[in-house]
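A look at the structure
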Amino acid sequence: MEQYSTFSEIYDYLMDTKDYDLWTENIIKIYNKYEISPRKILELGCGTGNITTRLYKKGFSIIGTDISREMLKVANDKALEENLRIRFLLQDMTNLTFNKKVDSVISICDGINYITDIEKLKKTVNNVYEILNYNGLFLFDISTLYKLKNVIGNNIFHENFEDFSYVWDNEFNIETRILKFELTLFLLDEDNTYERFIENHVQRAHTVEEIISVLDEKFEILDILNESLNKPEENDERIYFVARKKGDNNGK
Ligand SMILES: C[S@@+](CC[C@H](N)C(=O)[O-])C[C@H]1O[C@@H](n2cnc3c(N)ncnc32)[C@H](O)[C@@H]1O
């Protein structure tokens, strides 16, 4: 079963404890710090649109993209319900076909960890470079090696809710820094019986050095920050990269 196909149905319930308001504020603080007020933002891996809708409500013009049709459907339904005029597009960030220029590209909450192949990560960075205006800002986070190795690691997590349960079984390979996890979902249906769904997800713990080397040629790295917007420390679970597009030979 494809990643996020069934998970999309309960994603927002499970992410309820995540501080999307803080994440949104952090994006805005970073824009302010670098004195950019992007007229158009493209979000990669927008999922169910939790950041997209918040930024839109703060006055930004934003387009959400994701590889999962099901996640986009949830995002779109939520936007329609609230009368928000946001476009959501099915796009693989490793192979973007979006061809309009934007002032900022963002990817928040692990989208980049889902790019497990370094060549594909380079391709993603190239895609972002191509669609950014000169001086445009690429802002993304990653879950850190510390988190994938020590917090998620080889652990099993499970929880019961009123109408669904999940078992999240992780396997982290220290050599490859690949995290594979099996997510087993039990969803209560209208007949009061539980249906079981299994999704297999793969993420990679990119190191800071790897990200720097992938960005290096085309971007000036302005900041690497933790969630408190300070210099990252050893036990940080999430860090942001803030990178500005360098000019090409034509100064664009
Ligand atoms: C943990 S979710 C985060 C969703 C959303 N950004 C949020 O903050 O809730 C990761 C998202 O990345 C998307 N994703 C994974 N690989 C992708 C790819 N190659 N291109 C675009 N989106 C991708 C998944 O479909 C999923 O919606």
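Residues numbered from 1 in each chain as written. Predicted model: local features only at pLDDT ≥ 70, side-chain atom pairs only at ≥ 80, totals over all residues. Heavy atoms only, no water.

**A word on the domain arrangement of the protein chain**
Often, the extent of an interface is quoted as the loss of accessible area upon association of its parts. Formally: The start and end points of each domain follow an automatic or database-based domain assignment. Contacts are assigned to residue pairs that have any heavy atoms within 4.5 Å of one another. Put simply, buried area is how much 1.4 Å-probe accessible surface two parts lose in total, over both of them, once they are put together. The term salt bridge refers to a pairing of a side-chain nitrogen on Lys or Arg with a carboxyl oxygen on Asp or Glu at a separation within 4 Å. N or O atoms within 3.5 Å of each other form a polar contact, as long as, within protein, one can give a hydrogen and the other can take it, and as long as residues adjacent in sequence are counted only when both atoms are side-chain atoms. Polar here means any residue other than Ala, Val, Leu, Ile, Met, Phe, Trp, Tyr, Cys and Pro, which are nonpolar, and Asp, Glu, Lys and Arg, which are charged; Gly is therefore polar.
You can read the domains of the protein chain as domain 1 (7–144 + 205–245) and domain 2 (147–204). For domain 1 and domain 2, the distance between their C-alpha centres works out to 23 Å. In this assembly, 19 residues from domain 1 lie in contact with 18 residues from domain 2. Between domain 1 and domain 2 lies a buried interface of about 1700 Å² when both sides are counted; carbon and sulfur atoms form 58% of it. Between Glu210 and Arg204 there is a salt bridge, with the nearest N and O atoms lying 2.9 Å from each other. Remark: the boundary between domain 1 and domain 2 carries eleven residue pairs in polar contact (both at pLDDT 80 or more). Of the residues contributing to the side of domain 1 that touches domain 2, the split by class is eight nonpolar, six polar and five charged.

**Examining the side chain of Ser68**
Under the convention used in this document: Helix numbering and strand numbering both begin at the N terminus, where a helix is a DSSP run of H or I of at least 4 residues and a strand a DSSP run of E of at least 2.
Relative to the elements of secondary structure, Ser68 occurs in the loop between strand S2 (62–66) and helix H4 (69–81). Those residues in contact with Ser68, other than ones at most four positions away along the chain, are Gln3, Tyr4 and Leu90.

**Here we look at the packing of aromatic side chains**
Here is the rule we go by: Stacked, edge-to-face and tilted labels apply to pairs of Phe, Tyr and Trp rings (six-membered ring for Trp) whose centres lie within 6.5 Å, assigned for plane angles under 30 degrees, over 60, and everything in between, in that order. Each residue gets one of three labels from its accessible area relative to the maximum for its type: buried under 20%, exposed over 50%, partly exposed in between, using a 1.4 Å probe on protein chains only. As a reminder, the over-ring test applies to NZ of lysine and CZ of arginine, requiring each to be within 6 Å of the ring centre and within 35 degrees of the ring normal.
Under the defined criterion, the tally for this structure stands at 14 aromatic pairs. A centroid spacing of 5.8 Å and a plane angle of 45° characterise the contact between Phe138 and Phe219, whose relative ring orientation is tilted. Taken together, the residues span a long stretch of sequence, with Phe138 in strand S5 (residues 132–143) and Phe219 in strand S10 (residues 219–226) at a distance of 81 residues. Overall, the relative accessible area of 1% leaves Phe138 in the buried class. Counting every residue linked through ring pairs, the aromatic cluster contains Tyr129, Phe138, Phe140, Phe219 and Phe241. Cation over ring: Lys218 sits above Tyr129, and NZ or CZ is 4.7 Å from the ring centre. For Lys245, the ring lying beneath its charged end belongs to Tyr129, and the centroid distance is 4.3 Å.

**A word on the side chain of Thr52**
For Thr52, the location among the structural elements is in helix H3 (residues 50–57). Separated by 2.7 Å, the side chains of Thr52 and Glu43 make a polar contact. Apart from the residues lying within four places of it in its own chain, the contact partners of Thr52 are Glu43, Cys46, Ile62, Ile63, Gly64, Ile86 and Phe88.

**Considerations on the sheet that holds strand S8 (residues 178–188)**
Worth spelling out the cut-off: In short, DSSP must find at least two bridges between two strands for them to pair. To get an axis, fit a line to the C-alpha atoms, keeping to the stretch in contact for a helix; angles then go from 0 to 180 degrees between the N-to-C directions.
Taking strand neighbours across the sheet as the criterion, the four strands line up as S6-S7-S8-S9 in an open arrangement whose pairing is antiparallel. Because the sheet does not close on itself, it has two edges, and the strands there are strand S6 (156–160) and strand S9 (194–204). Strand-to-strand twist across the sheet, computed as the mean angle between neighbouring axes with direction ignored, equals 10°. Pairing of S6 with strand S7 (residues 164–173) involves five bridges; the strand directions are antiparallel. What sits directly across from His158, in S7, is Val167.

**Things to note about the site of the ligand**
Rule in force here: Near, as used in this document, describes a residue that has one of its heavy atoms within 4 Å of the molecule or strand being considered. Accessible surface area values rest on a Shrake-Rupley calculation with a 1.4 Å probe, where residue burial reflects the displayed protein chains alone.
Near the ligand lie 19 residues; those nearest to it are Tyr11, Tyr20, Gly45, Asp66 and Ile108. Residue Tyr11 places a side-chain N or O atom 2.7 Å away from an oxygen atom belonging to the ligand. Interatomic distance of 2.8 Å between a backbone N/O atom of Ile108 and a nitrogen atom of the ligand. Considered on its own, the ligand offers 590 Å² of accessible surface; in the complex 95% of this is hidden by protein. When grouped by side-chain class, the residues that make up the shell around the ligand number eleven nonpolar, five polar and three charged.

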